[in-house]
Each structure stands twice: as structure tokens, then as C-alpha cells.
Amino acid sequence: MQLGKSAGGDKQNPIVAVVAIVIILAAGFMVYRNIAANRSPTVMPADSRGSVPVSSGPIMPGGSSPDAQSQPGAAPAAPATPSPSASQAAPVSQPAPAPQAAPAPKANPAPAPQRTAQVAKEIQMKTIKVFGSVTVSYPDGWKISASRGNTSALFTNGAASFEVLAPDAKANSAKAIALAALKSIAPGASVKSQGAGNLNGSDIYWVGLTRGGQKMRIVGVDAATRVVLVMRAPSGKFASHADVFNKMQNALSFGR
């Protein structure tokens with residue numbers, strides 16, 4: 001009996017040994033496979049067109065995926081630029097203050113026009129009545145010739161003159177009075193200007209002319225008492241007497 005048991009035990013020992021070796025080899029193969037898998041990257045199979053399928057793995061910071069880094073020829077992902085913190089933010093430039101305009105220079109007042117001796121004497125005016133109903137104002141210092149047969153009154157300072165004349169008896173309007181006087185006083189004169197106006201409610205017509213080195217103004221006045229005004233001065237002095245002439249003309253008054 002002992003010999004039989006010993007023989008059976010001897011047969012089972014090799015089988016047990018073989019099974020143990022197989023298990024050890026299988027375990028070693030699994031260990032080796034796991035080690036090899038960790039060392040070598042898994043190559044994705046190419047599709048039918050020969051391109052590698054895009055990995056659906058998570059996107060790494062900087063916009064690249066893990067698969068993109070392992071592919072040959074792929075450009076390295078640019079490192080993400082950290083955003084500046086609040087303390088490192090670029091300072092906001094303040095706008096430069098607008099340059100202040102230089103103060104405008106004070107304008108010097110225009111010099112007052114020099115008053116001629118004739119204009120200065122306008123302050124002191126004298127009056128006289130001619131033709132019984134026409135009041136004439138004239139500057140102090142001017143001379144007067146009251147009558148030439150009761151047909152005119154002449155006021156003069158020696159260089160210029162202001163004359164009041166009786167009109168043509170046939171003239172019945174301011175224009176007719178002025179043109180009739182022009183024909184009788186300055187025939188052939190060069191007329192420079194003419195026009196109609198009003199004098200203290202009465203119609204007037206004036207003619208500007210030059211004759212023999214003199215400048216003249218003839219005014220026909222169709223007032224309660226019709227008259228002709230004749231103003232004369234040398235051509236170079238008429239402008240300096242214009243203010244006096246205007247003053248005397250505008251101051252005329254007429255009664256009945």
C-alpha cells in the first residue's frame with residue numbers, strides 16, 4: 001500500500017510544477033505588457049485616406065491638445081501670455097492740457113479824425129433870414145453878402161462859398177430848379193453825379209459838377225419858398241468843406 005501511494009504522488013508533482021510554470025509565465029507576460037505599454041506611445045491607426053484621426057482629448061492651455069504635441073511636424077503651441085494684473089495694468093495716459101490761447105493784443109482805438117478849422121467852428125453858428133422867409137445858419141467867422149439886388153445871399157470864408165439864390169420863375173419842381181440853375185450858372189460843366197432827396201419835408205434835387213478848376217454842388221429846393229443852393233470850392237478843397245456845406249444845407253428852414 002505504501003509503495004502504491006508513493007507512485008501516485010510522484011506522477012502529480014510534475015503536473016503541478018508545469019501548471020505553476022505556466023502561471024508564472026502568464027503573470028510575467030502581463031507584467032511585461034503593462035511595462036511596454038507605459039513606455040511606448042500608442043499609435044493611432046490611419047484611416048483609409050492615410051491621415052491620422054484627430055484626438056478628442058482635452059485642449060491643453062495655449063490651444064493645443066496632447067495628440068497635437070505627439071504628431072510629427074506639428075508647430076509647438078505658443079505659451080499663453082498671462083494677463084497683467086490690476087497692479088501691473090498699463091497706466092492710462094492723461095490728455096495733455098490744451099494750450100491756452102495767447103491773449104489778443106488790445107486794439108488801439110482808431111485815432112479820431114482831425115477836425116478842420118471849418119468843422120471846429122460849426123459849434124458856433126450864426127443865423128440870418130434871407131428873402132424874408134428863408135433862415136440860413138452859417139459858421140462864425142464866415143462873411144456874408146446879404147443881397148445882390150435881393151436875388152442872392154452869399155456866405156464865404158475866402159476859400160469856399162455857400163450861396164442861396166432865387167430860382168428860375170418858370171421852374172416848378174426841385175429837378176427843374178436845379179437844371180435851370182445849372183444851365184445859367186455853369187453852362188458846359190462836367191456833371192459827375194445827380195439825384196433826388198428830401199430836406200426837412202421839402203423835395204430837393206442835387207447835381208455834382210466840376211468847372212474851371214472848381215468843384216460845385218447845385219441844389220434845387222421845392223419848399224414853401226423855392227430857392228437854389230450853390231456850393232463852391234477849389235477841386236482840392238471841396239472835400240474838406242463838405243461837412244460845413246452839409247451842415248448849412250440841412251439847417252435851412254422855410255417860412256411863409
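Residues numbered from 1 in each chain as written. Predicted model: local features only at pLDDT ≥ 70, side-chain atom pairs only at ≥ 80, totals over all residues. Heavy atoms only, no water.

## Re the overall build of the chain
The helix and strand inventory of the chain stands at five helices and ten strands. Counting contacts in the chain only where the partners sit at least 6 residues apart, residues at least 24 apart contribute 42% of the total. Only carbon and sulfur atoms are counted for the fraction: they give 58% of the accessible area of the chain, which is about 18,000 Å². (Helix = DSSP H or I, 4+ residues; strand = E, 2+ residues; numbered from the N terminus. Contact = heavy atoms within 4.5 Å. Areas by Shrake-Rupley, 256 points an atom, 1.4 Å probe, with all protein chains shown as cover.)

## So, the nonpolar core
Here is a general trend for soluble globular proteins: nonpolar side chains tend to be buried in one another's company. Formed by 24 residues in total, the largest nonpolar core has its most connected members in W142, F155, F162, V221 and L229. Listed by contribution, the elements that provide at least two residues to this core are β2 (134-139), β4 (152-156), β5 (161-165), β8 (214-222), β9 (227-234) and α5 (238-250). Formed by 16 residues, the second largest nonpolar core is a distinct cluster that contains A181, L182, Y205 and V207. (Core = buried A, V, L, I, M, F, W, Y, C linked by side-chain atoms within 4.5 Å. Buried < 20%, exposed > 50% of the residue type's maximum accessible area, 1.4 Å probe, protein only.)

## Thoughts on the side chain of S161
Counting through the fold element by element, S161 comes out in strand β5. On the basis of relative accessible area, S161 is assigned to the buried category, the value being 12%. If near-sequence neighbours (up to four positions away) are discounted, S161 is found in contact with W142, L154, F155, T156, V230, M231, R232 and F245.

## Some details on the sheet that holds β8
Here we have seven strands laid out as an open sheet, ordered β3-β4-β5-β9-β8-β7-β6, and antiparallel in their pairing. Two strands close off the open sheet at either side, each with one partner strand: β3 (143-145) and β6 (190-199). If you compare each strand with its neighbour and ignore which way they point, the axes differ by 15° on average. Looking at chain direction, strand β7 (residues 202-211) and β8 are connected through nine bridges and run antiparallel. (Pairing = 2+ DSSP bridges. Axes fitted to C-alpha atoms, helices over the stretch in contact; angles between N-to-C directions.)

## Comments concerning helix α4 (residues 174-185)
Helix length check: α4, at twelve residues, gives a terminal C-alpha distance of 16 Å against a target of 16 Å (1.5 Å per residue), a fit within 8%. If you check which residues of α4 are buried, you get A174, I177, A178, A181 and L182. End-on, the buried residues of α4 take up no more than an arc of 135°, which puts them together on one face. In α4, the exposed residues that point more than 90 degrees away from the buried face are K183 and S184. (Expected span 1.5 Å × (residues − 1). Arc of directions from axis to C-beta.)

## Here's the deal with the pattern of salt bridges
With the rule as written, the count across this model stands at two salt bridges. Taking the shortest distance from any N to any O, the salt bridge between R226 and D222 comes out at 2.8 Å. Given a relative accessible area of 34%, R226 falls into the partly exposed group. Relative accessible area serves as the criterion here: at 23%, D222 is assigned to the partly exposed category. (Salt bridge = Lys/Arg side-chain N within 4 Å of Asp/Glu carboxyl O.)

## Description of the packing of aromatic side chains
The final tally for this structure, using the stated rule, is two aromatic pairs. Measuring from centroid to centroid gives 5.1 Å for Y138 and F155, while their planes differ by 35°, and the two rings are tilted. Here Y138, found in strand β2, pairs with F155, found in strand β4; they are 17 residues apart in sequence, far enough to count as distant. Measuring from centroid to centroid gives 5.3 Å for F238 and F245, while their planes differ by 50°, and the two rings are tilted. In this structure, F238 and F245 share a single accessibility class: buried. (Phe/Tyr/Trp six-rings, centres within 6.5 Å; stacked < 30°, edge-to-face > 60°.)

## Side note on the sheet that holds strand β1 (residues 125-130)
A sheet is described by the order of its strands in space; here three strands give the open sequence β1-β2-β10, paired in antiparallel fashion. If you trace the sheet from one side to the other, it starts and ends with β1 and β10 (253-254), each paired once. Note: β1 against β2, six bridges, orientation antiparallel. Bridging across to β2, I128 finds its partner in V136.

## A short note on α5
The end-to-end C-alpha distance of α5 is 17 Å, a good match for the 18 Å that 13 residues give at a rise of 1.5 Å each. At V244, α5 shows its maximal bend, which comes to roughly 30°. Taken as a whole, α5 has its buried residues at F238, H241, A242, V244, F245, M248 and Q249. (Bend = angle between axes of the 7 residues up to and from the residue.)

That's the geometry; what it means functionally is another story.
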